[in-house]
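Chain by chain, the residues:
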Amino acid sequence: MSDLVAVMPPGWEQKQAPDGRFFYVDHTTKSTSWEPPLGVQWVKRSEHSFGGFTAPATPPPRPASPASPARPVGAGGVPPPRPAPPTRDPSAGYIPPRPSSTPGIAPLTGTAPPPRPAAPSSVPRPSSHSSIPPRPGSPARSVAATATATATALAGAVPPPRPAPPRPGSLSSIPMRPSSPARPSSPARSPVPSSLDAQVQGVAQQAGGALIAKAARNEEVQRAAGQKVAELAHNPEYQKMMAQRIAENSDNELVKMMAGNEAFQRQVGVVVANMATNEAMQRKVSERVALMAEDKEMQAKVGGLVREHGAEVGAMAWEQMQQEENQELMKHYGAIAGQVAWEEMQKPENQAMAVEYGKKASAVAFEEMKKPENQALAKEYSRIAGKYAWEAAQDEENQRMAKEAATVVGSAAWKAAQDEENQRMAKEAARAGGKFAMEQARDEENQRMAKEAAAVVGSAAWKAAQDEENQRMAKEAARAGGKFAMEQARDEENQRMAKEAAAVVGSAAWKAAQDEENQRMAKEAARAGGKFAMEQARDEENQRMAKEAAKKTSKFAMEQARDEENQRMAKEAAKKTSKFAVEQARDEENQRMAKEAAKKTSKFAMEQARDVENQRMAK
């Protein structure tokens, strides 16, 4: 025998007949053949394992048939015919594998077993009907098990789908720039304070995990996600991508070879699709996702990945959101998430948690912003962001895209506003919102809570205003703000940019005002708005609610004005404000800055009034 062993493609098996010849069994179609299938590979028997694999070699020669006695010459001298190969008819000679102490030997005698009943699924199961285990050292494995394990391990490694061509008239029809301008280098940031990580980020991670877990346990979301995965698994392009990922992530040459086989790719896709549409598997996977989303350690890991790869994730999400089907999915899931979030926020315990976490986050943010290094970082980032926004606004391509986007959005909004059904829904929503607000305002408990909140806020603000340190900081902040504004106003580059921006805005506004379509739309909008306001004003229910609201407001304002504590606080506040205003007015630096600002303003107004283009536009 040769030292080469045949490595069969998925669903095939090599066996040896009693006369020494090899035949090949196709378990998919339940047929046999003397000829090897397409895609068979030959490897050395010594290296035939998952770890060692050599390049395909020349197949071994077929063993010669046993010698047979010659027939008499009178019979024609023709040698006896070769034994007939196993027939391809399953019911007339297909010999399925069976348990045996000598695997690989298939007797060709005996009565063929009856055909197996068809599987409940129309998808063939390549090797699941075989009970013979593979020979020791053989690379033949169950294709279904291989596909299941591989698809499960690489479920998250499937690359994003190729964006579909946008439909004219949608937001995705606006062409995206091939590359964005290089962002200015940001300053090296100090490590995030541990208190901020422990409270603010922890709250965000916990809330996000709870929302994901709630959505994962929703049966509608499970079915929709399973259907989407099944559609992708049946897509030949995705099958090739998944096989490519399998080959890239494996060091085994045999696995890489199997991944390149189209039949194997189809089988993997079928297995994944069957798993995705199975309700029991959907519930199992969804529960696993929910438990992972609720796990605090996993939340921390995901939060770290988001912080580290936020830019890449954002870019990929933007590309995906350009597809209309993804936009529809996001609308659907957004409605579900909004409903879930609304139901959760109706629970008193969640409201209490939100208030508590809000207090903690505010306290932490306030403490952090007191630190000089954080203030310096905020200033630096504000300067970088402003500079980048200005440079992006000067780019002609960005201006063109902004105009196109504004045109598309304005056109869509105008069409939506003309739709009678939308108008009816807007009226109903406005009426329902007004009714709900009136009911909330009439509720005595809400009134009591509003009074208490106003009292607490007013008391805290008064105490903070009385604090000498706060007064000193306010004065320094006002002085620093005024100084910074004066420096910015004196900067010639800022003056030039302000003039250019004013000229551009004025020119654009003038052109838009001259456009007849804009004039017609403005007239129609004014007419429609006036008609709607008139109808609302004539409505008796609205009139009654307005009278009650005015009466309630007047009564509350009168009570607050008569309150002695409020009167005392108002007098002290007026006295403090007057004193502060006098001090600021007497300050020589402020007087000098005010004079320079008035002089600059007058000069600028004079230049604008003398400008011929401005005069023409004004006329």
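Just so we're clear, the structure is a prediction, and the values are computed from it rather than from any experiment. (Residues numbered from 1 in each chain as written. Predicted model: local features only at pLDDT ≥ 70, side-chain atom pairs only at ≥ 80, totals over all residues. Heavy atoms only, no water.)

S.K.: Looking at this structure, I do not really get the overall build of the chain. What am I missing?
M.R.: Secondary structure summary: the chain contains 22 helices and 5 strands in total. Going through the 619 residues of the chain one by one, you find that 19% of them count as buried. Expressed as a percentage of contacts within the chain between residues at least 6 apart in sequence, the contacts between residues at least 24 apart total 70%. Carbon and sulfur atoms form 59% of the exposed surface of the chain, whose accessible area is close to 43,100 Å². (Helix = DSSP H or I, 4+ residues; strand = E, 2+ residues; numbered from the N terminus. Buried < 20%, exposed > 50% of the residue type's maximum accessible area, 1.4 Å probe, protein only. Contact = heavy atoms within 4.5 Å. Areas by Shrake-Rupley, 256 points an atom, 1.4 Å probe, with all protein chains shown as cover.)

S.K.: I'm lost on the nonpolar core in this one. Help?
M.R.: One finds V7, A230, A233, M242, L254, M258, F264, V268, V272, A273 and A276 forming the largest nonpolar core, which totals 11 residues. In terms of residue count, helix α6 (residues 262–277) provides more of this core than any other element does, 5 residues in total. (Core = buried A, V, L, I, M, F, W, Y, C linked by side-chain atoms within 4.5 Å.)

S.K.: Sorry if this is basic, but what is going on with the packing of helix α14 (residues 420–442) against helix α19 (residues 540–562) here?
M.R.: The axes of two packed helices give the description: the angle between them and the distance between them. Viewed as axis vectors pointing N to C, α14 and α19 meet at an angle of 30°, and their least axial separation amounts to 12 Å. One finds that α14 runs roughly parallel with respect to α19. Considering only the axes of α14 and α19, their crossing is left-handed. Judged by residue contacts, G434, K435, M438 and R442 of α14 engage R544, M545, E548 and A549 from α19. For the contact of α14 with α19, the residue count by class is 3 nonpolar, 1 polar and 4 charged. (Axes fitted to C-alpha atoms, helices over the stretch in contact; angles between N-to-C directions. Parallel < 35°, antiparallel > 145°, perpendicular 65-115°, else oblique. Left-handed = near helix turned anticlockwise from the far one by under 90°. Nonpolar A, V, L, I, M, F, W, Y, C, P; charged D, E, K, R; others polar.)

S.K.: Can you walk me through helix α3 (residues 219–234) in this structure?
M.R.: Because the α-helix completes a turn every 3.6 residues, residues three or four places apart line up on one side. Taking 1.5 Å of rise per residue, 16 residues should cover 22 Å, and α3 covers 23 Å from first to last C-alpha, within 8% of that figure. The set of residues buried in α3 consists of V221, Q222, G226, A230 and A233. On an axial view of α3, the arc spanned by its buried residues comes to 165°, and they lie on one face. Regarding α3, its N-cap is N218, as a side-chain oxygen of that residue lies 2.9 Å from the backbone nitrogen of E220 further along. (Expected span 1.5 Å × (residues − 1). Arc of directions from axis to C-beta. Polar contact = N/O pair within 3.5 Å; in protein donor to acceptor, adjacent residues only side chain to side chain.)

S.K.: Whenever I open this one, helix α16 (residues 468–490) confuses me. Can you help?
M.R.: The terminal C-alpha atoms of α16 lie 33 Å apart, and with 23 residues this matches the ideal 33 Å at 1.5 Å per residue to within 8%. Taking the backbone nitrogen of E469 as reference, a side-chain oxygen 3.2 Å away marks D467 as the first, capping residue of α16.

S.K.: Explain unusual backbone geometry here, please?
M.R.: Trans peptide bonds make up most of the peptide bonds, and negative phi angles are found at most residues other than glycine. For K30, which is not a glycine, the phi torsion comes out positive at approximately 55°. With respect to the element layout, K30 can be found in the loop between β3 (22–26) and β4 (31–33). On the basis of relative accessible area, K30 is assigned to the partly exposed category, the value being 21%.

S.K.: When you look at the environment of K483 in this model, what are you seeing that I'm missing?
M.R.: Counting through the fold element by element, K483 comes out in helix α16. A sequence separation of 110 residues divides K483 from M593, and the C-alpha atoms of the two residues are 8.3 Å apart.

S.K.: Sorry if this is basic, but what is going on with the pairing of strand β2 (residues 12–16) here?
M.R.: Along any regular strand, the residues point their side chains to alternate faces of the sheet. Note that β2 and β3 share 5 bridges and pair antiparallel. Paired with W12 across the strands is D26, a residue of β3. Here β2 hands over to β3 after 5 residues, with G20 in that stretch at a positive phi of 95°. (Pairing = 2+ DSSP bridges.)

S.K.: Sorry if this is basic, but what is going on with the pattern of salt bridges here?
M.R.: Here the idea is simple: oppositely charged side chains can pair when their charged atoms come close. Here the structure, examined in full by the defined rule, presents 37 salt bridges. Put simply, R400 and E404 hold a salt bridge, and the shortest N to O gap is 2.5 Å. Residue R400 and its partner E404 are both found in helix α13 (residues 396–418); the two are separated by 4 residues, about one turn of the helix. Here the residues in one salt-bridge network are R442, E541, R544 and E548, joined through shared partners. (Salt bridge = Lys/Arg side-chain N within 4 Å of Asp/Glu carboxyl O.)

S.K.: Any chance you could explain the sheet that holds β3 here in plain terms?
M.R.: Strands belonging to one sheet form pairs held by backbone hydrogen bonds; the direction of such a pair is parallel or antiparallel. Spatially, 3 strands are ordered β2-β3-β4 in an open sheet, and the strand pairing comes out antiparallel. At either margin of the open sheet sits one strand with a lone partner, and together these are β2 and β4. Strand-to-strand twist in this sheet, taken as the mean axis angle between neighbours without regard to direction, amounts to 30°.

S.K.: What am I meant to see in the environment of S286 here?
M.R.: Within the element layout of this structure, S286 appears in helix α7 (residues 279–294). In this structure S286 comes out as buried when scored by relative accessible area, which is 12%. When the C-alpha positions of S286 and E219 are compared, they lie 9.2 Å apart, and in sequence the two are 67 residues distant. Not counting the four nearest positions on each side in its chain, S286 is found in contact with A216 and Q222.

S.K.: Teacher, can you tell me more about the confidence of the model for the chain here?
M.R.: Interpretation of this model should avoid reading the predicted coordinates in detail wherever pLDDT is low. Here the chain averages 75 in pLDDT, while 74% of its residues score no lower than 70. Taking the mean pLDDT of every element in the chain, the minimum, 44, falls on helix α1 (residues 143–153) and the maximum, 90, on β4. Residue range residues 47–194 is modelled with pLDDT below 50. Its contacts to residues more than four positions away, or to other chains, number 200 contacts. (pLDDT = per-residue confidence, 0-100.)

S.K.: Quick question: what am I supposed to make of the packing of aromatic side chains here?
M.R.: The geometry of two aromatic rings is summed up by the distance between their centres and the angle between their planes. Across all of its chains, the model carries 1 aromatic pair by this definition. When the centroid spacing of 6.3 Å and the interplanar angle of 75° are considered together, the rings of F23 and W34 count as edge-to-face. On the criterion of sequence distance, the pair formed by F23 in strand β3 and W34 in the loop between β4 and β5 (41–44) is long-range, its members being 11 residues apart. Neither residue differs from the other here; F23 and W34 are each classed as buried. (Phe/Tyr/Trp six-rings, centres within 6.5 Å; stacked < 30°, edge-to-face > 60°.)

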